[in-house]
Each structure stands twice: as C-alpha cells, then as structure tokens.
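Architecture and fold: a report
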Number of protein chains: 4
Amino acid sequence: MSGNTFGKLFTVTTFGESHGPALGAIVDGCPPGLPLTEEDLQRDLDRRRPGTSRHTTQRREPDRVKILSGVFEGVTTGTSIGLLIENTDQRSKDYGNIKDQFRPAHADYSYHHKYGLRDYRGGGRSSARETAMRVAAGAIAKKYLASRGIAIRGYMSQLGPIAIDFQSWEAVDDNPFFCPDPARVPELEAYMDQLRRDQDSVGARITVVAEGVPPGLGEPVFDRLDAELAHGLMSINAVKGVEIGDGFASVSQRGSEHRDEMTPEGFLSNHAGGVLGGISSGQAIVAHLALKPTSSITTPGRSIDVHGNPVEVVTKGRHDPCVGIRATPIAEAMMALTLMDHLLRHRAQNAEVRVATPVLR
Amino acid sequence: MSGNTFGKLFTVTTFGESHGPALGAIVDGCPPGLPLTEEDLQRDLDRRRPGTSRHTTQRREPDRVKILSGVFEGVTTGTSIGLLIENTDQRSKDYGNIKDQFRPAHADYSYHHKYGLRDYRGGGRSSARETAMRVAAGAIAKKYLASRGIAIRGYMSQLGPIAIDFQSWEAVDDNPFFCPDPARVPELEAYMDQLRRDQDSVGARITVVAEGVPPGLGEPVFDRLDAELAHGLMSINAVKGVEIGDGFASVSQRGSEHRDEMTPEGFLSNHAGGVLGGISSGQAIVAHLALKPTSSITTPGRSIDVHGNPVEVVTKGRHDPCVGIRATPIAEAMMALTLMDHLLRHRAQNAEVRVATPVLR
Amino acid sequence: MSGNTFGKLFTVTTFGESHGPALGAIVDGCPPGLPLTEEDLQRDLDRRRPGTSRHTTQRREPDRVKILSGVFEGVTTGTSIGLLIENTDQRSKDYGNIKDQFRPAHADYSYHHKYGLRDYRGGGRSSARETAMRVAAGAIAKKYLASRGIAIRGYMSQLGPIAIDFQSWEAVDDNPFFCPDPARVPELEAYMDQLRRDQDSVGARITVVAEGVPPGLGEPVFDRLDAELAHGLMSINAVKGVEIGDGFASVSQRGSEHRDEMTPEGFLSNHAGGVLGGISSGQAIVAHLALKPTSSITTPGRSIDVHGNPVEVVTKGRHDPCVGIRATPIAEAMMALTLMDHLLRHRAQNAEVRVATPVLR
Amino acid sequence: MSGNTFGKLFTVTTFGESHGPALGAIVDGCPPGLPLTEEDLQRDLDRRRPGTSRHTTQRREPDRVKILSGVFEGVTTGTSIGLLIENTDQRSKDYGNIKDQFRPAHADYSYHHKYGLRDYRGGGRSSARETAMRVAAGAIAKKYLASRGIAIRGYMSQLGPIAIDFQSWEAVDDNPFFCPDPARVPELEAYMDQLRRDQDSVGARITVVAEGVPPGLGEPVFDRLDAELAHGLMSINAVKGVEIGDGFASVSQRGSEHRDEMTPEGFLSNHAGGVLGGISSGQAIVAHLALKPTSSITTPGRSIDVHGNPVEVVTKGRHDPCVGIRATPIAEAMMALTLMDHLLRHRAQNAEVRVATPVLR
C-alpha cells in the first residue's frame, strides 16, 4: 500500500536504496513447476546494466542476482521467491552539498516534504537503480509467458529529435541503443557524442510490443489492461507519457479510420494497440512511453537548500546522458509483470470459459 | 480485484449495465463530518449529461443520483456511501443484429472471448454510461479536496485537428465543449456540424489541472502519483494516451530545458506537471489525455459474427460523434479520486511529519 | 480498505444503515455463466429473517432482494453484481435518549471515538441488519460452490448452557433454532421462554461444515484457509471466538491423539477440521463460533452519556434474546464467501497442476 | 495475494524455506523518523529462538537479522525496510523417506495437492521457522506502538491440561515457558520431562494483551479489529482457535453478565476484551489462542506415500515437544502488526476527528 508492490496476483515487492547494502524483491504468486535459474534473470539484468557502452554511465554494477527461496530442484514451488542483489560499487564519498540541497527535477524536494527526511546518498530510494529489481522480477514473468507463447520485446523509437522506424527485432540487440534500424545507429552515436560535449541530456521514446497474447486479458472498468499498463509503465523513473496503440495520434483521427475492421482472416489494422474495451483482442499489444531527459547534468542550475536559501546546484558523478537508452528492458519487464498478473486474474474467474469463435490476429 | 474498484483507501466500487435497471456505486473510506448532499453530486453529473447540446447524443438520461447510506444529518459518517442512479431511458428495442455481431473497435469481441457471453444491450458494462458513477463518486472527493484548498478543473485542449490554447477557466463552462477559449467555439461548432454530415466521428484531447495540492502526495516506486493518475485516466472509455506535464514533448527536450529550477520565491517553470519522483511537488498537477474517435458511426464497417462469418456492421442509435466532448468531468473525477486516495495514504504514514522548508508553487 | 469489502478475488462490498433507505452490496469476480435468480438469494435471506418464531425479534423485515446488474438472460455475465434491499420497516420514532447515550456492550462508544459522530438510529452501520447483505452475497457463492460439489451447512451446537450433539442435517431446518437434534427442541423452547421472562439474553455456539472441498485451497503463511475463515467468521456481529476442528480442545490433546492418520482409504479422523498447514486437505472443513449474548436487554444498565455524565440505560424496542439463533445462515455465508475466494485464488496460480495421488476424505 | 503478505498499510511480505539459504521480509509503510536498529529486532528474535532450554528443540539457529534498507542515520526513512536472516544450520542430510511420504498432521499432503510438488526439506515453507520473520517485523511495529504508549505482551495460560492464572508480567520472562506464575514453573518442567519420556507432544494456550490502545481502531463490518486479530493469530502455525475477551465462555453467559457497564471513572469489567462493534474501546485488548500439539513425534504413525501406498511414518530430527512454548513472541508480533496496521488505517480516514468525551479504561 506504500507503493513498493506491483500486481495483485503475481506481485512484486521491492526494497533497496542506491547506496545501501543491497536491493531485493519478493515475487509472489508464481505458478509452481516453472523451470527457473539465476541465469534466466541475469540475462535481462545484463541488458539493463550500465557501463556497456560509452553512451551510458560508467558506474560498475555487476548486479549479480541471487534466488533465495521459492525454487527447489530447478523449478518454482509456488511459494514466494526472494531475490537479492548486493551493492558492490558504493564508493564512500563526500555527500556534503547534496545533503542540504534540492537538485532540480529530482525527487529531493518532494521526498523531503513527504517524509521530513531522506536518504540523500545517490538519490536513495528514488534512484533509477531501483529498476534493477523490476527487471529481475520481470524476467520470471517473461519466462512463464514465453512458455505460453507470449513474447515481449521493446525498442527505442525516438532519441531526442531523432525518430526511428522499426526495421527488425534482430537489429535491436546489436547496438547499445536498442535501435531497431541498424542504418540509424551511427546517427545516434554522433548525437550522443555531441550531447556529452554539450554537458546536457535528452529524452527518448520507447516502444514495447507483446505478441501472442490471447484475447480476454484485462478487467472492465478500472483495471483495464491498458490502464494497468499505463500504471506500470508510468511508474518507471523519468517516464512522462504513455500511449496504447495510436495514442495521441488518435485525437485527430476519424472513427472510420481508427476502428480496426475484422474479417474471418483477422483484423485489418491495429490502431487500438491490441486492447478493446480494456481487454486484449488477440492482436499485438503495443505501448509507447516518453522518458524525460536525465536531470543530473553538469551544467549548474538554480535551486534552494533545506533552509529555503537560494543555491547553485552542480551535479557531479557518473550519470546517463539519456536514461531512455537503458529503459527498454525495464519497459519490457513492466509489460511482462502486467500481462502475467492479468493472465492469472483472468484464469481465476474465467478458467471454465470455452469460446467457439476463432481468435483473430 | 475484478476491476470494478478504484483506489486503496478512498475506494469506489461500481456496478451497472447501460440498459440494466440501475447503475450504482459504493464509496468507502470517506472521512466523517464532510457536509454532503445529493445536489453536490448532481452538479457534476449534469455537466457530463448527454443531450445538452446538438453536439452530443440526444439520449435523455436525467441521471438523478440518490445517496442511500453513509450520510446522516447532512454530513458523512465515515461508513460506506451507497449511490444509485436508476436507468429511465431504456427503450425496449430489437437488438437482433448486435447480439451476434462484433462491432469494430467495440469491446464486443474481447468481452466475448473473456466471458464466453455478453450483455449486448447498448454495450452492457462496456458502455460509457458506466462513467456516470465515476463522476458521482468523484464529486465527493472533489468536495473534500476543496475543503482543503485543492481545486480540480479540466478543459478540452484539442478537438480533432483543432488545438486550443488555454485562455480562462471562466470560458470553460460557457460552451458545450469545455473549450477554454470563447473565440474558438464557432470553429468547433462548424467542425462538429460538418462531422455529422460526414457521418463520422473524431478524437479529442483533454487537459486536467489540480491546483493547491500540497507536496508529498504519491508513493515511491510503483504507486507514484503520476502512475496512479495514468491508471485512472487511461481507465476512462476511449482513452488511448496519458501525459503528465510536458509528456511526449519531453522526448526531444534537453535536460537544461526540462528541469524546473527553483528559487526561494518558487519554481521557475512546470515541465514536470507537478510531480517529481512520483510525488507531488506543490506545483499544479497537469495531465493530458487522448480520446479516440467514437467507434459507433453510421458508416458501415467490415466485421465477423460470433460464428466467424463475415458481416457488414451498421451502427444505429444515438451516439456522441466525439466522446471527448463530455469527457472533461470524467477526467476531473478520476483525478479527484486519485488525489483523494493519495491524500489519505500520505496521511496514514506521514501524519506526524513536520517540515520547516517553505512550500514552493 | 475501510472494512466494507470482503475477499480478494470474489469480493463483496456492502453499504447500508439499519434505519436508512436501503442496504446494498456489490459482488465482484463471479465467474460468468452461473444461472442465478433473485429467488436463489431470497431462500437464504428468508432463513435469516427475523419474526419467523416467537424466539426472535418481532420486527417485520420482508427483505426482498433485487439484482440490479451482472445477470443477463438468467446467467451471470462476469461483471459486477449489484444487490439492493430496501428498508421498509423504518418506524419513525423518538431516538432522544439513544442519541446522547452509550449503550453498554454496543458499538456506540467506540464509533463515537472513531468518527466523532454516529448514526444512532437502530445502531446505524453497526446493526446486525448489515448481515442481510452477507447472506445475499453468500448465496451466490453457495450456488457456484454447489455446482462444483461443495455443500456448506451449519447448525446450533450450543444455546447458553445447553450443548447439542449433531444428529442429522434434516432436523436442522425443521425448527427455528437450526438445532440438529429434534429431541432437544422442546428444551430449547423452554429455555428461551424463561429467558424472555427474565428479561435477559444468552450466547450461542454455531458449527459450520463444508463438505466436498477439494484439497489445495488456502495460501501458505498469512492467508491460510483457517486464518481467512477466522477472519470472516469473527467479523460477524457478536462473535467472540472461532475454532477450526478441535479448536481449544487441542490444547490438552497429545500429538499421538490429535494427528489425523491416513490410509489409502482415507483419513482416520478429522481433528484438524479439514485444514493442514493452512491448506484444505479434502476432508470436511469444520468451524465453530461463539456468539455473545445480545447486548440489548430491557434490564437497566449503568453507562455514561456523550458529555461524560453517568446515566442509566434502558433498551426498548424489539430485539433478539439470542442473536445466535439467526446466526447459522450468516456463518454459512461467510464460509461460502471464504471458500469461493480461495477457489478462485487457487485456480489463478495452480490451474495447471495435475496430481496423481488420490484425494482422501 | 498468494498469502505471503500481512497488513494493508503497514505490510509485511516474507519469503524463505526452512532449509533454504535465507529467510527475508519487506516491511512497507513504516512512518519515517522512527529510531531503529538491528538490536531492536534481535531482542524478540532471541525470545523466540529455540535451544534456550531443554524443553525446546536443540537446533542451533543464531538468527541474526540484518536491516538492508529503509533505515538511514539510525531512523526509518519511510521507504520499504528489507530484512534478512541467513540460514546457518542447514545440515546436509538424507531426506529420502520424507520426500515421498506424507507426515500425518503436516502440510505435506495438502501442499502436494495444491502445487503438485513441494520443498520437502524440513517442511519447506510450511515450517514454523517462517515465524522468525513475523517476529522481526513485529518488533518494528512494537517499537512504533511503544512510542505511542501501547504495550503488547503475552504469556502461556495453559500447557496441556495445566491451566495457569496470570500473576505478574515480571514472572513471564523469568522462565522458558513464558509462564506468568513462578510457582507453577516446576510443575510445567515435570510435565514436559514426562512428555519427552513418552515420546509425545502436547498443545498450549497463549494469551496476548495490548494495553494503551486508543479507542477507535478497527473498521466496521468485515475488517473489525477482532476479525483482523483472529486472522493474524490463526495464521500462526499450529493455531486452531482464537478468542477475544471471554471468547467461548460468552456462549453460556447472560447479557446482564457479559455487557461491560461504564461509569465516568471507567468500564466496570472487560468481558469484551477491548473491542466493541469491531472497534477498540480503549480497554486492554485481550486475545487467547489454542495451539495444537506438535505433529512431529517419534511415535510411528500410519500414512500413505505419494503413490497412494500405505506407509509407517517415523519422524526423526530435533523438534519442539510443545510448539506453544515458543509461540508467545510470535503471538505478540501478530497482535503488534495488526494494531499497527489499524493505527495507520484509522489515521488515514479520521486524522481530523476530535472528541470531547473522556476515554475510559
């Protein structure tokens, strides 16, 4: 209830501060009998890990995850799964200034007013480091969903002003940007190099797609599948917008254009992004998210301190110039967790439903 | 858990089908001692009601709400508040075709696969008529929030291709579009008249603003205030996108531009839309939502029936050519419910927090 | 979250004050396709209804329940089910004294301190009248469970000092006490007649049994099936104790006596009451509950008023001299709701589990 | 939702198997600013620890708890608190027989049917070892409650056939039984020595008392304070019954005897156990629980194996002959967690309530 749990049947509860001794999570509700190893989780953690190219922070975070419970003889037992990542790169340093200042666009000011105090070391709980546990937990969901024919993948669809068209899934994992068009990678690299020289940061747009989702997932009214996806994706650090299907482009569309017509062979388009009336239609589920530019930049900014005095804040340390670059695995994880939860919720109520109508793609 | 409840401490649970005998809701968790009358709820219901101009459906829905419990001697008692609206305009008609056909872009196909059957009369539970109860419940939240200095208001910021700049709150209630610029109203009317002649529909963009929100609302990690707002707003029928603050425009912004600097007098900008690290900053909370064009248009569309055969669907009946026109009070309601819930959640944990730093606007 | 909802997947949310215009409930999460009529609910409501013998309150409460949504063409649709009972016997009377006094053993004093005010008419929300909605909602769960071979029945096992051995289910519905031994009914009648002459009240013990429950229901650790049953049963007005199986008799049992041994033909005893490690074993689930004597008696009692002054409270009006007499259908309802919820929860996670070992009874 | 979380606002989520690498918990919702050290948790863990007398299992479990997050500079920050206890006494041994057999009165059979497989090492998740994390989390709640004047203490009120009257709190911690009467300790020791010679086990009754609880905690209807206490206490391993106040003795009491009359100086009795209408009255909250005899005894018992064949089960290893002996700190922890949760829930809704009437004890 205090916000550190996601999901209702397949739940993920997390803890951990950026510079504390460890991050951890408890995954509850996983069906028994799923083959699961630490390596299954490590794969996605490595995709999110910083320091793999010159375009992300150079912090060294090996992020080795341990499974502490819920798996026995190689398969899940149905009991809660404890996960732990020990923090190894906690440089002991002087936090003097950060302690009393509110960095612009950071959570410092709002945490201070919420709690009356805050763990100022590296952003504490508000650090994007928290997302490592989302990725670890999401990998469990992904593995279960994959066993049911559901694949979840994401890519960068825009970096700052550079919009990128989707070309192929193969391309996505071949570059540090999750860019789906290999021809555009040099342009992205040049842009990032200039950005570093400008000592500035920029936003990004990520697209996540789930294929193989059966029709029927999602609940009517408040817990629509798209509403829960929006919840999960907007809860990622730095996300400022979420679209399902055509999203904001729908505003200027006409009904005759937007509606996805059906034939016995399938849907003729997918403006809806795979969700009708809040419930999956069997088409690919498509979501887009907007990430703001990194707040930590070395250009000084105006702010105040905890006493209300004006100060000039200069952020030091190692930061991603575009948080969006590493966001793709996180977005995939949140979509996987959302779909997993709804798969179980749907099954609880509707396990006995048998429908004759063919499923359209 | 089956999706008909919103909120965790201030909860709204609803029922009711478009053509059933009644709609209802239970509002739980309201603080005691709040003066409340049916008229307080009716005001917003009347703002949402169809048939008040030629640009919305001509269905007659008086939508008189009754308070059945939880209010005694004019004030809330702290116990659950039962609300009821009887459906009065249920024309008995022939549903023959609709019964076996899946209308494109409607929930027919997805409900059918979820439940194996559906109440096909007027869309049943998937009808936008369901939102009446959101508005009624939201009015309770609004009234409590107003007593704490929090005002929630919305307006139409785009109709189809026509973007509308904000001019004044006074203008908003003076026209059937919730248009904040009186000079643009004739243009909107002309557009809608042409749209009707084209037998088509169009989307819209709505903006909702909460002023007077104290800093500290929202929970870190998964239940960020912006994530919960996205959940609530995306759960409204026809919504395909949600933005907080600059939203998707943040993608191409630089960090030096996006970050809202602070001085002792206040924030210098509000790109963040009033939320930092998932927690309210004390600035105005600003959200935008995209609504798709109405799916029910009289232009025939291709589809299939429940046996998988191809059919041509022609929608008859009285429908809004732009569902966005009546969406403003609904969006306000969902923002009010979200803020109310987080006000109580924040108070539960942090009632004893006292902070010296001044609150910036 | 404010306590008016029971269950996690099959949820019941209720509203209504004793002397308000109506009682209502929303049942969410019911599987689609269950045949359901108002008569299905009315049957159990009639079993709970007062005034059917001289041993219960003579208030006339026809308690006709209406289904307002979620049922279409005679079967549930999977959407939320709205239920309503209008209060018809609200005598307009003088509440003068009750308004300012705290009746001993009633919720007056505790509600006053919780909320700062209270609906004093007939106990408001704290009245046992609230349990009508539990019975109505429980009847839906009972009907679904019955379709899966699960039968839930209860009986009075003790009235004041008179312990009653179980003889037959047939006997239970043949007398106003839910007494399972027809030979003991005259003794109970004589006891109650004397109690009325004494202007006093007495407690009772109720036993509820669920047969046909498959093994596997219940969650380990905190949401054990017995823990959730205890929650549900203890939430009934006037209940002060709950036992599963041998309950408090287990305290003085030895392990060699208590443990239920198994053979290929089945369990050799059922001291556990059908729950092992918090999970159903396939045996009959057996629970006992203790109800305190009715607090409303005509014998004057010492108390204070809202100003802290001493007063003598004399309860008038029509009250049950033993609330336990009508408690059996309520206890059945709470057990049905608990099992229904856990059936769905179990199915969500473990739908794919297939076990070779035979189920023992 | 899968049962490993307790509480709604102050939540505890746990993981860990008896013979796995570690036990852990995440405590969410703790108010910020509470001074907290590992030693605060260790104190109660040591009270629960086995092997401190010859009357409990001789397993060596140092149970050193680590706080991994949520505490900074000696006080809680309001973010989630990660707790970890590494398992150190995992003897590698031959589980051959246990693997395929269902031990009578254990969770083996029910887990097997629920999940289709189970971690058979030492009972896996169903082991009472799981309660260590309840005690650790409960210590946080206890510390916060203590800062508000609320004290929670328990004692053994019956061991097998030996009922024990309360004499003093001082006595409780001076013997390995949590016996509140020093004069009875030799009798308990003699009984236990004989029990060991008999190779048998026995049940116990524990009483828990909370003093200083303000009136107003608990929610009407389903989440009554006593219902939630029953939930929490019944969720402890081996508990088969829960009573509030006079509990089952209320069955044969008359209303004139049971009702607790009030004078301006206070209540004249406490038959209710501190709860009226599900809400705390300001009196001491009193609960009793019944624990069954330990199931693991060295006397052989009849059972079946996973193939349905009859087997004779002989339990080896180190087991408590009376699980009730170490249950007192666990019961205290569950009462502390329940009260803490309701303190926050009450505050969320009713923080602004001010009542003139004096609080009676």
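Analysis parameters
Residues numbered from 1 in each chain as written. Chains lettered and ligands numbered in written order. Predicted model: local features only at pLDDT ≥ 70, side-chain atom pairs only at ≥ 80, totals over all residues. Heavy atoms only, no water. UniProt positions renumbered as here; feature names shortened; annotations may be inferred. Axes fitted to C-alpha atoms, helices over the stretch in contact; angles between N-to-C directions. Helix = DSSP H or I, 4+ residues; strand = E, 2+ residues; numbered from the N terminus. Left-handed = near helix turned anticlockwise from the far one by under 90°. Contact = heavy atoms within 4.5 Å. Nonpolar A, V, L, I, M, F, W, Y, C, P; charged D, E, K, R; others polar. Buried area = accessible area lost by both parts, 1.4 Å probe. Salt bridge = Lys/Arg side-chain N within 4 Å of Asp/Glu carboxyl O. Polar contact = N/O pair within 3.5 Å; in protein donor to acceptor, adjacent residues only side chain to side chain. Core = buried A, V, L, I, M, F, W, Y, C linked by side-chain atoms within 4.5 Å. Buried < 20%, exposed > 50% of the residue type's maximum accessible area, 1.4 Å probe, protein only. Least-squares fit on C-alpha atoms with pLDDT ≥ 70 in both.

In the nomenclature of an unreviewed UniProt entry, chain A corresponds to Chorismate synthase from the organism Halomonas alkalicola. Regarding chain A, the relevant UniProt record gives this comment under Subunit (unreviewed entry): "Homotetramer."

Residue and element names in this part refer to chain B. Put simply, helix α7 (residues 225-234) and helix α9 (residues 328-350) touch, their axes get as near as 9 Å, and they point 145° apart. Read as a crossing pair, α7 and α9 show a hand that is right-handed. Mapping the contact onto sequence places Leu-225, Glu-228, Leu-229, Gly-232 and Leu-233 in α7 and Ala-331, Met-334, Met-335, Thr-338, Leu-339, His-342 and Arg-345 in α9. Looking at the contact of α7 with α9 residue by residue, the class counts come to seven nonpolar, three polar and two charged.

Next up on the list: the interface of chain D and chain A. Each side of the interface is counted separately: chain D has 43 residues, and chain A has 42 residues. Summed over both partners, the interface of chain D with chain A comes to about 3200 Å²; 64% of that surface belongs to carbon and sulfur atoms. Counting across the interface, chain D meets chain A through zero salt bridges. For the pair chain D and chain A, the interface holds ten residue pairs in polar contact (both at pLDDT 80 or more). When residues of the side of chain D that touches chain A are traced back to their parent elements, those giving at least two are β2 (11-15), β3 (22-28), β6 (75-76), β7 (81-86) and α3 (108-115) of chain D. A class-by-class count of the residues in the side of chain D that touches chain A yields 17 nonpolar, 17 polar and nine charged.

Looking now at the nonpolar core. Residues A:Leu83, B:Leu83, C:Leu83 and D:Leu83 are the most contacted members of the largest nonpolar core, which totals 314 residues. Not counting the four nearest positions on each side in its chain, B:Leu83 is found in contact with B:Leu23, B:Gly24, B:Ala25, B:Val27, B:Leu41, B:Val65, B:Lys66, B:Ile67, B:Met133, B:Ala136, B:Ala137 and B:Ile140.

After a rotation of 180° and a shift along the axis of 0.0 Å, chain D superposes on chain C with an RMSD of 0.0 Å. On this basis, the relationship between the two copies can be described by a two-fold rotation axis. For chain D, the residue whose C-alpha comes nearest the rotation axis is D:His231, separated from it by 2.4 Å. Looking at the interface residues of chain D, 100% of them are also at the interface in chain C, so both copies use one shared face.

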